[in-house]
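A look at the structure
Letter by letter, the chains look like this.
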Amino acid sequence: MISKPNDWSKQVKASAVRGQLTEGRQMQVAFWTAFREYMQEKSKIRCYKPAPQSWMFHPIGRAGCRMSSVASTWDSVANREGGELRVELVLDDENSKTYFEQLETQRKEIETQLGEALTWHNPPDKRMKRIYLRRSVELSDQKQWPEFFEWLRQKLETFQSIFAPRVKAFTVAEKSTGDLTSA
């Protein structure tokens, strides 16, 4: 068997030489690199290049809208270290509020299709809106990573099938430009 270095080992080595990645950031790069390789083998969902952060974006077919995988060492619900996984639909452009409202009118149908309740995060003073599923995990336990990858894959594919047609069908009211004709 012949092996070759993958992106993760190259990036970690290069960053370690420069002293840029903490142990936690190295774990993030390792997680996302392994997840991306897993997804390339098992799914048609595209994964962007792994980075030392707690999220990875996935396109869903419309600018300003994307899916996101989150693998964090902080559990936002339990308010403790340990970790959580999330799969999100992120709406982040000037039409986010309108898009969120359009989806919210279909909330019951969406959650029925999904088979579970979603968190609908719509802060009134923020442009970014999120709709997501989450799960508490112990992210540092690398033996569980294959299980975490499978959970993320299944949820991403389900989000893709439920949300992509809706995202592509979003409507936006045309902005009024006024009457530009001269009298």
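Residues numbered from 1 in each chain as written. Predicted model: local features only at pLDDT ≥ 70, side-chain atom pairs only at ≥ 80, totals over all residues. Heavy atoms only, no water.

**Section: the packing of aromatic side chains**
Which entries qualify depends on this criterion: To pair, rings of Phe, Tyr and Trp, with the six-membered ring standing in for Trp, must have centres within 6.5 Å; the planes then decide the type, stacked if under 30 degrees apart, edge-to-face if over 60, and tilted in the middle. Segments assigned H or I by DSSP are reported as helices when at least four residues long, segments assigned E as strands when at least two residues long, and all are numbered from the N terminus. Summary of the burial criterion: residues with accessible area below 20% of their type's maximum are buried, those above 50% are exposed, and those between are partly exposed, where the area comes from a 1.4 Å probe applied to protein chains only. Whether a charge lies above a ring is judged from NZ of Lys or CZ of Arg, which has to be within 6 Å of the ring centre and within 35 degrees of the ring normal.
Under the definition given, this model contains 11 aromatic pairs. Consider the rings of Phe31 and Trp145, whose centres lie 5.0 Å apart with planes at 85 degrees: the pair is edge-to-face. Within this pair, whereas Phe31 is found in helix 2 (residues 23-42), its partner Trp145 is found in helix 5 (residues 145-168), the two being separated by 114 residues in sequence. On the basis of relative accessibility, which here comes to 6%, the residue Trp145 falls in the buried class. Note on Trp145 and Phe149: the rings are 6.3 Å apart at their centroids and 45 degrees apart in plane angle, and the pair reads as tilted. Placement of both Trp145 and Phe149 in helix 5 is noted, with a separation of 4 residues, approximately one turn of the helix. The pair Trp145 / Phe149 is uniform in exposure class, with both members buried. Grouped by ring-pair contacts, the aromatic residues Phe31, Trp32, Phe35, Tyr38, Trp145 and Phe149 constitute a single cluster. For the cation-ring pair, Arg66 lies above Phe57, with the distance from its terminal atom to the ring centre recorded as 4.1 Å.

**What to know about the confidence of the model for the protein chain**
Quick note on the threshold: Predictor confidence is given residue by residue as pLDDT, running from a minimum of 0 to a maximum of 100. The contact criterion used throughout is that any non-hydrogen atoms of two residues lie within 4.5 Å.
Summarising the model, the protein chain shows a mean pLDDT of 87, and 81% of its residues fall at 70 or more. A low-confidence stretch, residues 178-183 stays under pLDDT 50, and its non-local contacts, those more than four residues away or across chains, total 0 contacts.

**Things to note about the packing of helix 4 (residues 107-114) against helix 5**
Let me state the cut-off plainly: The angle between two axes is taken between their N-to-C directions and runs from 0 to 180 degrees, where each axis is a line fitted to C-alpha atoms and a helix contributes only its stretch in contact. Orientation labels follow simple angle bins: below 35 degrees gives roughly parallel, above 145 gives roughly antiparallel, 65 to 115 gives roughly perpendicular, and whatever is left gives oblique. Crossing handedness follows the turn of the near helix against the far one: under a right angle anticlockwise gives a left-handed crossing, and clockwise gives a right-handed one. The residue classification treats Ala, Val, Leu, Ile, Met, Phe, Trp, Tyr, Cys and Pro as nonpolar and Asp, Glu, Lys and Arg as charged. All others, Gly included, are polar.
Where helix 4 contacts helix 5, the two axes come as close as 10 Å, and the packing angle between them is 155 degrees. Classified by the angle between their axes, helix 4 and helix 5 sit roughly antiparallel to one another. Note that helix 4 runs across helix 5; the crossing there is right-handed. Contacts between helix 4 and helix 5 pair Glu109, Ile110, Gln113 and Leu114 from the former with Thr158, Phe159, Ile162, Phe163 and Arg166 from the latter. In the contact of helix 4 with helix 5, the residues fall into 5 nonpolar, 2 polar and 2 charged.

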